[in-house]
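What the coordinates show
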Amino acid sequence: AQSVSQHNHHVILSEAASLELGCNYSYGGTVNLFWYVQYPGQHLQLLLKYFSGDPLVKGIKGFEAEFIKSKFSFNLRKPSVQWSDTAEYFCAVNENQAGTALIFGKGTTLSVSS
Amino acid sequence: EPEVTQTPSHQVTQMGQEVILRCVPISNHLYFYWYRQILGQKVEFLVSFYNNEISEKSEIFDDQFSVERPDGSNFTLKIRSTKLEDSAMYFCASSLDSSTDTQYFGPGTRLTVL
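In short, a report on the structure. (Residues numbered from 1 in each chain as written. Chains lettered and ligands numbered in written order. Predicted model: local features only at pLDDT ≥ 70, side-chain atom pairs only at ≥ 80, totals over all residues. Heavy atoms only, no water.)

Some words on the overall build of chain B
- Within chain B, the secondary structure is distributed over 0 helices and 11 strands.
- When the helices and strands of chain B are placed in sequence order, the string is β-β-β-β-β-β-β-β-β-β-β.
- Projecting the C-alpha coordinates of chain B onto the three principal axes gives extents of approximately 40 × 30 × 30 Å.
- When contacts within chain B are restricted to residue pairs at least 6 apart in sequence, long-range pairs at least 24 apart make up 55% of them. (Helix = DSSP H or I, 4+ residues; strand = E, 2+ residues; numbered from the N terminus. Contact = heavy atoms within 4.5 Å.)

Pasting the structure below:
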C-alpha cells in the first residue's frame, strides 16, 4: 500500500530563514506528487505538483520542490520564509491515473516568527 | 476563481443519528471525493465518485457511509448511524478528468458526534 512520511512534525523558524520540509513516499509505480498548504482557518490549497518532466517544480509564493526518484523523496523548499507562511503543509501522492485517491502525510506545522 | 463549497461548516449530532454532509463541486469537474481528518491525524481518503458511481473507496467507507449526486450540482455524504469515532473534519474535493489534474478541496465540515 502507498504511504507518505513527513519527518518534521513542527518546524519553528524566524523570518528570512530557509525552509526544507522532508517528504518520502512508498509506491512502486508511476505517481503524481503534491504539496498542499492549509493556512489557519482556510481550506487545503495546492502549492505545487509534480507529474513528469523537470524534477524541480516551482509553485506559488516562492515555494519549490525536488523529486528525487531514487530516494522516493519530494522535499519542499523556500529560500526565505515570511511570517505569512505560518501554516500546515501536507505532502500527498496518488497514482498517475484519473480520479485516484490522494494519500497524505501527517502534515508539518510551520511557525514563522517575525 | 471557482471553489468547492461545503455545508454546513459545523454539524453536531447525537450518536446513532443520520447526518448528510453537502458539497457543491466545481461546475465542470467530473471526479468527486470525500476525505476526512480526525483531530491530530492525517487526512484520509474515503471515496471517489465518477459518472454517477463509486470509482474507488477505502476500507473506512463501510456500509454506514453512502454518497450521492442527487442533482447536477450537489454531492452528498451520508452517515446512516453516527458513532463517536466519526467525529472529524470532512473534506469534499473535485477534479477534472485526467490523471494529472489537481484535486480542489472545500473548506470542510466539522462533524461532532456526542
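That covers the picture; the talk isn't over yet.
Let's talk about the overall build of chain A
- Across its full length, chain A holds 0 helices and 12 strands.
- Taken from the N to the C terminus, the helices and strands of chain A come in the order β-β-β-β-β-β-β-β-β-β-β-β.
- Taking 114 residues into account, the globule formula puts the C-alpha radius of gyration at 13 Å, and chain A, at 14 Å, falls close to it.
- Each principal axis of the C-alpha atoms in chain A carries an extent, and together these give about 40 × 25 × 20 Å.
- Going through the 114 residues of chain A one by one, you find that 46% of them count as buried.
- By sequence separation, contacts in chain A at least 24 residues apart represent 55% of the contacts at least 6 residues apart.
- Working note: accessible area of chain A is about 5,300 Å², and carbon and sulfur atoms make up 52% of it. (Rg over C-alpha atoms; globule rule 2.2 N^0.38 Å. Buried < 20%, exposed > 50% of the residue type's maximum accessible area, 1.4 Å probe, protein only. Areas by Shrake-Rupley, 256 points an atom, 1.4 Å probe, with all protein chains shown as cover.)

A word on the interface of chain A and chain B
- Taken residue by residue, the interface counts 21 residues in chain A and 21 residues in chain B.
- Interface area, chain A with chain B, both sides summed: about 1,800 Å², of which 56% is carbon and sulfur.
- Interface area lost by chain A to chain B is led by His43, Gly99 and Phe104 of chain A, which between them contribute 27%.
- Our count for the contact surface shared by chain A and chain B stands at 0 salt bridges.
- Across the contact surface, chain A and chain B share 5 residue pairs in polar contact (both at pLDDT 80 or more).
- It is strand β5 (residues 31-38) of chain A that contributes the most residues to the side of chain A that touches chain B, 3 residues altogether.
- Partitioning the side of chain A that touches chain B into residue classes produces 10 nonpolar, 9 polar and 2 charged. (Buried area = accessible area lost by both parts, 1.4 Å probe. Salt bridge = Lys/Arg side-chain N within 4 Å of Asp/Glu carboxyl O. Polar contact = N/O pair within 3.5 Å; in protein donor to acceptor, adjacent residues only side chain to side chain. Nonpolar A, V, L, I, M, F, W, Y, C, P; charged D, E, K, R; others polar.)

Describing the nonpolar core
- Trp35, Leu48, Phe74, Leu76 and Tyr89 of chain A are the most contacted members of the largest nonpolar core, which totals 28 residues.
- At the level of elements, β2 (10-14), β3 (19-21), β5, β6 (45-50), β8 (64-68), β9 (73-78), β10 (87-95) and β12 (108-113) of chain A are the ones that each hand at least two residues to this core.
- Apart from the residues within four sequence positions on either side, Leu48 of chain A is in contact with Leu33, Phe34, Trp35, Val57, Lys58, Gly59, Phe63, Glu64, Ala65, Phe74 and Leu76 of chain A.
- Val4, Leu21, Tyr90 and Val113 of chain B belong to the second-largest nonpolar core, a separate cluster that totals 23 residues. (Core = buried A, V, L, I, M, F, W, Y, C linked by side-chain atoms within 4.5 Å.)

Some thoughts on the state of the cysteines
Residues and elements named next belong to chain A.
- Taken as a whole and assessed by the stated rule, the structure comprises 2 disulfides over all chains.
- Between Cys23 and Cys91 runs a disulfide, and the two sulfur atoms are separated by 1.9 Å. In this structure, the disulfide formed by Cys23 and Cys91 twists by about -65 degrees around the S-S bond and is classed as left-handed. Note that Cys23 is positioned in the loop between β3 and β4 (24-26) and Cys91 in strand β10, a separation of 68 residues in sequence. (Disulfide = S-S within 2.5 Å.)

A closer look at the packing of aromatic side chains
- Inspection of the entire model under this criterion finds 19 aromatic pairs over all chains.
- On the numbers, 6.2 Å between centres and 85 degrees between planes, the contact of Phe90 of chain A with Phe104 of chain A is edge-to-face. Taken as a pair, Phe90 of chain A in strand β10 and Phe104 of chain A in strand β11 (residues 103-104) lie far apart in primary sequence, 14 residues in all.
- For Phe90 of chain A, a relative accessible area of 0% gives the class buried.
- Residue Phe104 of chain A is classed as buried on the basis of its relative accessible area of 1%.
- Relative to Tyr35 of chain B, the ring of Phe104 of chain A has its centre 5.8 Å away and its plane inclined at 90 degrees; by these criteria the two rings are edge-to-face. With Phe104 of chain A in strand β11 and Tyr35 of chain B in strand β4 (residues 31-37), the pair connects residues from two separate chains. Neither residue differs from the other here; Phe104 of chain A and Tyr35 of chain B are each classed as buried.
- Among the aromatic residues, ring-to-ring pairing joins Phe34, Tyr36, Phe90 and Phe104 of chain A together with Tyr33, Tyr35, Phe45, Phe91 and Phe105 of chain B into one connected group. (Phe/Tyr/Trp six-rings, centres within 6.5 Å; stacked < 30°, edge-to-face > 60°.)

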